[in-house]
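For reference, the chains in residue letters:
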Amino acid sequence: MKKTLLLLVFFCFAKISAQDSLTIGSKHHIFSKALNEERNFWVYLPPDYNSKKFAPAKYPVVYLLDAESNFHSFTGLAQSLAKGPYAMIPQMIVVGITNTNRTRDLTPTEANRQAFFDSKKKMFNQSGGNKNFITFLEKELRPYIDSNYRTSGYNVLNGHSFGGLTATNILLNHTELFNSYIIIDPSLWWDNEIMIKKADSVFNIKDFKQRNIYVAMANKINIPQDTTTDMARGIRKFEKLLKEKKPKNLRWDFKFYENEDHGTIPIPAEYDGLRFLFKSHLVQVKQAVLEPALVEKQYLKLSEETGFPFLPSENYLDWMGNYSLDIGRTDQAVVFFKWAEKYYPNSKNVSVSLEKAIQRKNQKPDN
């Protein structure tokens, strides 16, 4: 009996061990001269990146601050929103940046704020290293990602709290470093609202060159001993400046999350932020099958809104073409596969699919 149990345990373990593991991303590191330290980052590749069916394509990249806190949830959102013919965003590479000294890297100036529990101590030590961190992003990490992965040139920065402060700093002072920004409950109270003052000085004169930003604000309840109770005031001032000054070529949206606090806001804000940035990505399948030209019109609109040339993926066009064949609309199927041939000329899959559609069309009896 004992031998039988041992054998059962062994075979169960062997079966579990033989199963494929689920991998969300991979861990990497580079030495940063700007920060004088080794920096770790995690990379998520979208489902089609290593596809053997479709031709190699290039992808937008999301740079995610505070990866320890949100890499798993964000990549889950990104994959879900980009799934299938009803995809609301494009498939994207996600680069999650982990922290070593968060306060140092994500604050633009040195703080002199006193700690509420001891007036002789500073609240934030080693602050004000944002300049070096931005240099790391621009001169080291971005070039590494662009050299080692198939990137399209469209880049998004996602930051929460101090990360939102960093995103605001980059938007105002290094505008072209990213195409879009998701700024979540940013710490705009920092250093007597230094970023609010900067925004006030540049919103009237700066051309933001078709940048897109989504700003999310949590519901903040004032607590006497909390030194950040002026966070809400700073964010509202930023919203007011956006409304009144109407920065040139800056597409923006703002949302107050009444039922979320500072700690719970990232996931709903990231979802809404991605939906806003790629608002025109979704094409209604049933209408597009009847009128394929809607796809090109929709992607033209998406490109105009984002300031970047977006094209439908080969996967999407392949699905639309095959779906059209399945429901007997061969003319429309040929259109979708010809677009795929134009956009992805090196794809063997497209050649086979287009040939199949043309043959089916030629076999169709005359009306």
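The rules behind the values
- Residues numbered from 1 in each chain as written.
- Predicted model: local features only at pLDDT ≥ 70, side-chain atom pairs only at ≥ 80, totals over all residues.
- Heavy atoms only, no water.
- Axes fitted to C-alpha atoms, helices over the stretch in contact; angles between N-to-C directions.
- Helix = DSSP H or I, 4+ residues; strand = E, 2+ residues; numbered from the N terminus.
- Parallel < 35°, antiparallel > 145°, perpendicular 65-115°, else oblique.
- Contact = heavy atoms within 4.5 Å.
- Nonpolar A, V, L, I, M, F, W, Y, C, P; charged D, E, K, R; others polar.
- Core = buried A, V, L, I, M, F, W, Y, C linked by side-chain atoms within 4.5 Å.
- Buried < 20%, exposed > 50% of the residue type's maximum accessible area, 1.4 Å probe, protein only.
- Polar contact = N/O pair within 3.5 Å; in protein donor to acceptor, adjacent residues only side chain to side chain.
- Pairing = 2+ DSSP bridges.
- Expected span 1.5 Å × (residues − 1).

1. Quick word on the packing of helix H10 (residues 293-306) against helix H12 (residues 330-343)
Piece 1. At a minimum axis distance of 10 Å, the contact between H10 and H12 shows a crossing angle of 40 degrees. It follows from the interaxial angle that H10 and H12 lie oblique. Residue-level contacts link Ala293, Val295 and Glu296 of H10 to Phe336, Trp339, Lys342 and Tyr343 of H12.
Piece 2. Its residues assigned to classes, the contact of H10 with H12 shows five nonpolar, no polar and two charged.

2. A short note on the nonpolar core
Piece 1. In terms of nonpolar packing, the biggest core is built from 53 residues, with Tyr63, Leu141, Ile145, Tyr181, Phe203 and Phe238 touching the most fellow members.
Piece 2. Setting aside anything within four residues of it in sequence, one finds tyrosine 181 in contact with Leu157, Ala167, Ile170, Leu171, His174, Thr175, Arg211, Asn212, Ile213, Tyr214 and Leu277.

3. Digging into the side chain of threonine 75
Piece 1. Locating threonine 75 in the fold gives a position in helix H2 (residues 67-81).
Piece 2. Within the local environment of threonine 75, its side chain forms a polar contact with the backbone oxygen of phenylalanine 71, the two atoms lying 2.8 Å apart.
Piece 3. Ignoring anything within four residues of it in the chain, the contact list for threonine 75 reads Ile24, Tyr44 and Val94.

4. Describing the side chain of serine 127
Piece 1. The topology assignment puts serine 127 in the loop between strand E6 (118-122) and helix H4 (130-148).
Piece 2. The exposure class assigned to serine 127 is buried, which follows from its relative accessible area of 11%.
Piece 3. Here serine 127 is in contact with Thr103, Arg104, Thr107, Thr109, Glu110, Ala111 and Trp190, once residues within four sequence places are set aside.

5. Examining unusual backbone geometry
Piece 1. The backbone of aspartate 191 shows a phi angle near 50 degrees, a positive value even though the residue is not glycine.
Piece 2. Its identity as a non-glycine residue notwithstanding, lysine 246 has a phi of 45 degrees, on the positive side.
Piece 3. Position of lysine 246 among the secondary structure elements: in the loop between helix H7 (231-245) and strand E10 (248-257).

6. Quick notes on the sheet that holds strand E4 (residues 93-97)
Piece 1. With mixed pairing, eight strands are arranged side by side in an open sheet as E1-E2-E4-E3-E7-E8-E9-E10. At either end of the open sheet lies a strand with only one pairing partner, and these are strand E1 (26-32) and E10. Shown here is a sheet whose adjacent strand axes are inclined to one another by a mean of 20 degrees, direction ignored.
Piece 2. By the bridge criterion, five bridges tie strand E8 (residues 180-184) to strand E9 (residues 207-218) in an arrangement that is parallel. Its bridge partner lying in E9, serine 180 is registered against asparagine 212.

7. Remarks on the pairing of strand E2 (residues 37-44)
Piece 1. Within E2, six of the eight residues are buried, leaving the element largely enclosed by the surrounding structure.
Piece 2. A loop of four residues connects E1 with E2, the two strands running antiparallel in sequence, and asparagine 36 in this loop sits at a positive phi of about 55 degrees.
Piece 3. In this sheet, E4 lies alongside E2 in antiparallel orientation, the contact comprising four bridges. Pairing of tyrosine 44 across the sheet is with valine 94, part of E4.

8. Points about helix H13 (residues 348-363)
Within an α-helix, residues lying three or four positions from one another point in the same direction, as the helix has 3.6 residues per turn.
Piece 1. Helix length check: H13 (16 residues) gives 23 Å between terminal C-alpha atoms against 22 Å at 1.5 Å per residue, within 8%.
Piece 2. Those residues of H13 hidden inside the fold are in contact with helix H11 (314-326) and H12.
Piece 3. Sitting at the head of H13, serine 347 places a side-chain oxygen 3.3 Å from the backbone nitrogen of asparagine 349.

9. Here's the deal with H12
Piece 1. In this model, H12 (14 residues) spans 20 Å end to end at C-alpha, consistent with the 20 Å of a helix rising 1.5 Å per residue.
Piece 2. Taken as a whole, H12 has its buried residues at Thr330, Gln332, Ala333, Val334, Phe336, Phe337, Trp339 and Ala340.
Piece 3. Turning to H12, the residues buried within the fold contact helix H9 (285-290), H10, H11 and H13.

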